[in-house]
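# Secondary and tertiary structure notes
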Amino acid sequence: MTPETGILTIDLAAVAANYRLLAEKAPGKQIAASIKADAYGLGMTRVAPVLAEAGCGFFYVANMAEALPLRAIQPEAKIAVLHGLEAGDWDTVSRNRLIPVLPHLGAIRAWRDAALERQVTAPVIIFLDTGMNRLGLGPDDVAQLLDHPEWLTGLKIEFWLSHLACSDEPENPMNAAQLAALTQYLIKLPAAPLSFANSGGIFLGAQYHFDQVRPGAALYGLNPTPDQPNPMRPVVRLEAPILQVRDVVPGMTAGYGATWRSKRLGKLAVLPVGYADGLMRSLSNRGHVSFGGHLAPVAGRVSMDLVTVDVTGVPEPLRQIGAMGELIGAAREVETVAREAGTIGYEILTSLGSRYKRVYKE
Ligand SMILES: *Cc1c(COP(=O)(O)O)cnc(C)c1O
């Protein structure tokens, strides 16, 4: 029977293999998995246990709403929350043993006050900005903190943390500049372990590894070294069946806005995947679907629930009603789809829709 929707296959064994490969790349370092945004769209409740089984005992999520369901299924793991925790959340945070990542001096002082009030020591991670200018303490903040060591009383610094802006570009001088800025901070700040490298940072070399690395993308099969062949195992496959095939003659148009026009006698096929499923509308007249390795270009605009592709060049048995086309997979790497859509693999994965039939391969 033809499925009425796309089939999204997530290879959990590949996630575990990717974790082990990263552990080999950063020997002796703690590998903390970035599992925010529902494990980059792949399903946190399925991915986290597999990572834990592979040896992961430390997870990063974005906020409280992600941390609580993770705690429910991972009673032992360390869980750090990248942003959004406030001292007012103290009870929930301590009951669930969450570690806040503190991004500015105000947050540091609020946690210090909350800890002193309760006469306990609170585990925290402190975010240092080394050039991304997003979250974290900048040079002036660090100078103030050094003038006020009492702001850290009652806090146990689990990690100093910083984040690379250009780790996927090994030649970018920003990497060395951030490393130098971090080293300058560390000379002056109280000693504590250090967390720096994301996926790309792991591949920049051992001097970027410090005590803990925080990969996300590479675990899920994205290429941490975009200039070179992907060392990670692919995790995601997205297929969808042909719902209808029609003959076209020269001059016929297809889709909303009639933006595609046939130049020849040919065939169009319709698949039940659209922008509401994460098939970005920017793939209109630019994307491709593979039928047994034969690429069919997207013909016209991607609709909300459907996409039309030009299957004229696809051999007959592969382009019949019910035949499956591959939108992401061996013939259609996530990075390739991202390039055609004008975005990055991260956005492709985190946009994967909720209507697919999800199949998890153990
Ligand atoms: C998302 C994130 C990561 C993971 O980055 P990848 O490029 O996916 O490996 C690490 N650290 C921080 C602070 C993040 O926000």
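This section reports on the structure supplied with the text. (Residues numbered from 1 in each chain as written. Predicted model: local features only at pLDDT ≥ 70, side-chain atom pairs only at ≥ 80, totals over all residues. Heavy atoms only, no water.)

### Examining the overall build of the protein
Each helix and strand in the protein was counted, giving 11 helices and 20 strands. Principal-axis analysis of the C-alpha atoms gives the protein an extent of 80 × 40 × 40 Å. Per-residue burial for the protein yields a buried fraction of 52% across its 362 residues. Pairs at least 24 apart in sequence give 67% of the contacts found in the protein among residues at least 6 apart. Total accessible area on the protein stands at roughly 16,200 Å², and carbon and sulfur atoms take up 53% of it. Here the protein contributes 33 positive and 35 negative side-chain charges, whose respective centroids are spaced 6 Å apart. (Helix = DSSP H or I, 4+ residues; strand = E, 2+ residues; numbered from the N terminus. Buried < 20%, exposed > 50% of the residue type's maximum accessible area, 1.4 Å probe, protein only. Contact = heavy atoms within 4.5 Å. Areas by Shrake-Rupley, 256 points an atom, 1.4 Å probe, with all protein chains shown as cover. Lys, Arg positive; Asp, Glu negative; His and termini not counted. Charge placed at Lys NZ, Arg CZ, Asp CG, Glu CD.)

### Focus on the packing of helix α1 (residues 12-25) against helix α3 (residues 44-54)
At a closest axis distance of 9 Å, the pairing of α1 and α3 adopts a crossing angle of 45°. In this view, α1 runs oblique relative to α3, as classed from their interaxial angle. Here the hand of the crossing between α1 and α3 comes out right-handed. In this structure, α1 contributes Leu12, Val15, Ala16 and Tyr19 to the contact, and α3 contributes Arg46, Val47, Val50, Leu51 and Ala54. When grouped by side-chain class, the residues that make up the contact of α1 with α3 number 8 nonpolar, no polar and 1 charged. (Axes fitted to C-alpha atoms, helices over the stretch in contact; angles between N-to-C directions. Parallel < 35°, antiparallel > 145°, perpendicular 65-115°, else oblique. Left-handed = near helix turned anticlockwise from the far one by under 90°. Nonpolar A, V, L, I, M, F, W, Y, C, P; charged D, E, K, R; others polar.)

### Observations regarding the side chain of Arg319
With respect to the secondary-structure elements, Arg319 resides in the loop between β18 (307-310) and β19 (324-328). Residue class for Arg319 comes out buried when judged on its relative accessible area of 12%. Within the local environment of Arg319, its side chain forms a polar contact with the backbone oxygen of Val311, the two atoms lying 3.2 Å apart. Looking at Arg319, its side chain comes within polar contact range of the side chain of Glu316, at 2.9 Å. If we skip the residues at most four places from it in the chain, Arg319 touches Ile242, Val245, Lys267, Val311, Thr312 and Val314. (Polar contact = N/O pair within 3.5 Å; in protein donor to acceptor, adjacent residues only side chain to side chain.)

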